[in-house]
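Take a look at the letters that make up each chain.
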There are 2 protein chains.
Amino acid sequence: MKKKITLKQIARELDVSISTVSKSLRNSLEIGEETRLKVQAFAKFYHYKPNNIALSLKNRKTKTIGVIIPEIVHYFFSTVINGIEHVANENGYSVIICLSDDSFDKEVLNMELLANGSIDGFIMSLSKETQQKKDFHHISEVINQGMPVVMFDRVTNDIQCDKVINNDELASYEAVQSLIDKGRKKIALVTTVDYVSVGKLRTDGYTKALLDNNIPFDEKLIIKIENIDNFGMKIDKLLEDRAIDAVFAVNELFAVTIIKTANKMGLKVPEDLGVIAFTDGIISKYSTPTITTISQRGMEMGKVAAKILIDRLESEEEELEEEEVEVYKTVVIETRLIERESTN
Amino acid sequence: MKKKITLKQIARELDVSISTVSKSLRNSLEIGEETRLKVQAFAKFYHYKPNNIALSLKNRKTKTIGVIIPEIVHYFFSTVINGIEHVANENGYSVIICLSDDSFDKEVLNMELLANGSIDGFIMSLSKETQQKKDFHHISEVINQGMPVVMFDRVTNDIQCDKVINNDELASYEAVQSLIDKGRKKIALVTTVDYVSVGKLRTDGYTKALLDNNIPFDEKLIIKIENIDNFGMKIDKLLEDRAIDAVFAVNELFAVTIIKTANKMGLKVPEDLGVIAFTDGIISKYSTPTITTISQRGMEMGKVAAKILIDRLESEEEELEEEEVEVYKTVVIETRLIERESTN
């Protein structure tokens, strides 16, 4: 690599202060146009790359948002990122994304990496392993150092920060209620294991809807799937015995797999089996039949999370000297039932 | 934000050189264990965050790879990223992702942002707009400054750097040949507009396969789609007139839309219409019928791209003083035809 010129060298060459160079490079209107353009031209000529952390320590902003998500092959997280990008760009912020791959260690490493002067604040959704371990020290450390964090979807009550969530319990309740309204009575819940916070809440909503409609709760109708590859026997048995007339699946991959299994057994969807999935993804739109889903409105979630973070970053600037107690908010994004062919 | 302690302050407090602090924080074995642990403990206690660019200028590494992709709601790019993450993590590298959103400006901004001391090198796929504009100055600038770039999938001949690609022309040829082998003769190509390099290559492969099999080329059978939402009439007309017996679609979204349209018109897939899609995604696996695809093997592509970049970064270190002519390589990842229900 070639040697790079430093802020200090530019200042010496042009006989101005380092602060002037730094402000000029950020195009601050505090500096007269002539000086600003001269510094910028000089810096460009020598391929000067401003030093992020130095700028951020001086000005407390990199105008960059760090996003940490558990996985990337996941339509919901993709739409959240699109929402974040949208609001960030509108407000002159860049977005940097890291994946935790549902690993606690990677989540910790990524936070260290980004907190390292590259960004002004975090938007994140917890990894499965972090939720299992209940170890959130890496997040509190970042917050204690004064860097704001906004959590979305997979959040924890153990950390005080801004949060954007769905009401997963209510959304599930409404989905199950909609099946009951259509005359379904033997409704299976196909869900994940409980350590992911949202899985638990969705189960609660399911149970409550049955209870409120005087439908006896039957533990055998709750199928917990750790991994899509060992989906197998339990659901096959229920379908074979005609023991169920509807399925509420916590994701669309479960839903489409059930529909395919049902079809093979000669069951028709929606006639013999109504199917609703949580999270509206690309499969639901294009499967045959198309699948009724609860949209988490990821795009909206991302937009709101970015708005909250940016508001906090910009108000922080104004009140830099004040010592106030932080008041955090939790915004609930209302889900939406999108009726398609798999229910009738 | 709280005031952060600097490298300089740690050095002063512990009465060691800045270089010793810097090396200790990177856990360099050049520094004796006692000093190293003392510096690390002190830094941790004062929440010291090492300054990336200072470290990287001194040591020429951040052990971080920057990835720029055109879009995130895209199964292929997600799998490439998984491949990159896999090899990066194995080699102790972190990965930071930015989205160009298929915009030239965003691609330029993201490169500036990341080249700014946060990363050691880039893995990128060009945005549509960049390919349209044919303006690659931001990439040559980065390369001229000594930062290696590996391009994948959407690449350009105008930039000399390492590249990882599919043989899009050959893959299309083989797909069309497989339809011909199954007795199909009236094969439509449903493709994107030509400014995306891969779209052009896939069309060439289609044309060549017809030619080699003495099937007359008919321009009316090439449908160019700018946007999935105005899919419409042209393909409807072809299906209605029974003018085609097979479709080769350059992506699975096109393929599944055609299958649905055909079904509505009473055409059966694969009996009346064979369908193959380029790029193996989640829709192809779960649609009814499942769709025969050409897998681009994104995971493999990502792994190879990361391997090339890391090899280059680590060999650079060894040969830091040598002035050699760079020899770049282009690795071709072989595609794979995955036969499913939509062809027979």
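If you check an unreviewed UniProt entry, chain A appears there as LacI family DNA-binding transcriptional regulator from Flavobacterium soyangense.

Draft legend 1. Just the overall build of chain A, in detail. Counting its secondary structure elements, chain A contains 14 helices and 12 strands. Nonlocal contacts in chain A, meaning residues at least 24 apart in sequence, comprise 73% of its contacts between residues at least 6 apart. For chain A, the accessible surface area stands at approximately 15500 Å², while carbon and sulfur atoms represent 49% of it.

Draft legend 2. Inspection of the pairing of strand β5 (residues 162-166) of chain B at higher detail. Residue and element names in this part refer to chain B. Of all the five residues making up β5, five are buried; the element is thus mostly covered by neighbouring parts of the structure. Because side chains alternate across β5, one face comprises the buried residues Asp162, Val164 and Asn166, and the other comprises Lys163 and Ile165, equally buried. Examined bridge by bridge, strand β4 (residues 149-152) and β5 share three bridges and lie parallel to one another. Pairing of Val150 across the sheet is with Asp162, part of β5.

Draft legend 3. Quick look at the state of the cysteines. Scanning the entire structure with this criterion turns up zero disulfides over all chains. Between A:Cys161, a free cysteine, and A:Cys98, which holds the nearest cysteine sulfur, the sulfur-to-sulfur gap is 18 Å. Here B:Cys98 is not cross-linked by a disulfide; its sulfur's nearest cysteine counterpart is in A:Cys98, at 9.1 Å. You can call B:Cys98 buried: its relative accessible area is 0%.

Draft legend 4. Examining the packing of aromatic side chains more closely. Overall, the coordinates contain four aromatic pairs over all chains when judged by the stated rule. Each ring, one from B:Phe76 and one from B:Phe77, has its centre 5.3 Å from the other, and the planes form 55°; the classification is tilted. Residue class for B:Phe76 comes out buried when judged on its relative accessible area of 6%. Judged by its relative accessible area of 1%, B:Phe77 is buried. Through pairs of rings, three or more aromatic residues link up here, namely A:Phe76, A:Phe77 and A:Phe152.

Draft legend 5. Looking closely at helix α5 (residues 75-90) of chain A. Residues and elements named next belong to chain A. With 16 residues, α5 ought to run about 22 Å at 1.5 Å a step, and its terminal C-alpha atoms sit 23 Å apart, in line with that. The complete set of buried residues in α5 reads Phe76, Phe77, Ser78, Thr79, Val80, Ile81, Gly83, Ile84, Glu85, Val87 and Ala88. At the C-terminal side of α5, Gly92 shows a positive phi close to 75°.

Draft legend 6. Region of interest: the packing of helix α11 (residues 233-240) of chain B against helix α12 (residues 252-264) of chain B. Residue and element names in this part refer to chain B. Close contact between α11 and α12 brings their axes to 10 Å; oriented N to C, the two are set at 45°. By the angle between their axes, α11 is oblique relative to α12. Viewed along their axes, α11 and α12 form a crossing whose handedness is right-handed. Of the residues in α12, those touching α11 at Ile235, Asp236 and Leu239 are Ile258, Thr261 and Ala262. A class-by-class count of the residues in the contact of α11 with α12 yields four nonpolar, one polar and one charged.

Draft legend 7. Expanded view of the environment of B:Ala262. All names here are of chain B. Within the secondary structure layout, Ala262 lies in helix α12. Sequence separation between Ala262 and Pro289 is 27 residues; the distance between their C-alpha atoms is 12 Å. In this structure, Ala262 is in contact with Leu239, Leu267, Val269 and Leu273, ignoring residues within four places of it in sequence.

What counts and what doesn't
Residues numbered from 1 in each chain as written. Chains lettered and ligands numbered in written order. Predicted model: local features only at pLDDT ≥ 70, side-chain atom pairs only at ≥ 80, totals over all residues. Heavy atoms only, no water. Helix = DSSP H or I, 4+ residues; strand = E, 2+ residues; numbered from the N terminus. Contact = heavy atoms within 4.5 Å. Areas by Shrake-Rupley, 256 points an atom, 1.4 Å probe, with all protein chains shown as cover. Buried < 20%, exposed > 50% of the residue type's maximum accessible area, 1.4 Å probe, protein only. Pairing = 2+ DSSP bridges. Disulfide = S-S within 2.5 Å. Phe/Tyr/Trp six-rings, centres within 6.5 Å; stacked < 30°, edge-to-face > 60°. Expected span 1.5 Å × (residues − 1). Axes fitted to C-alpha atoms, helices over the stretch in contact; angles between N-to-C directions. Parallel < 35°, antiparallel > 145°, perpendicular 65-115°, else oblique. Left-handed = near helix turned anticlockwise from the far one by under 90°. Nonpolar A, V, L, I, M, F, W, Y, C, P; charged D, E, K, R; others polar.

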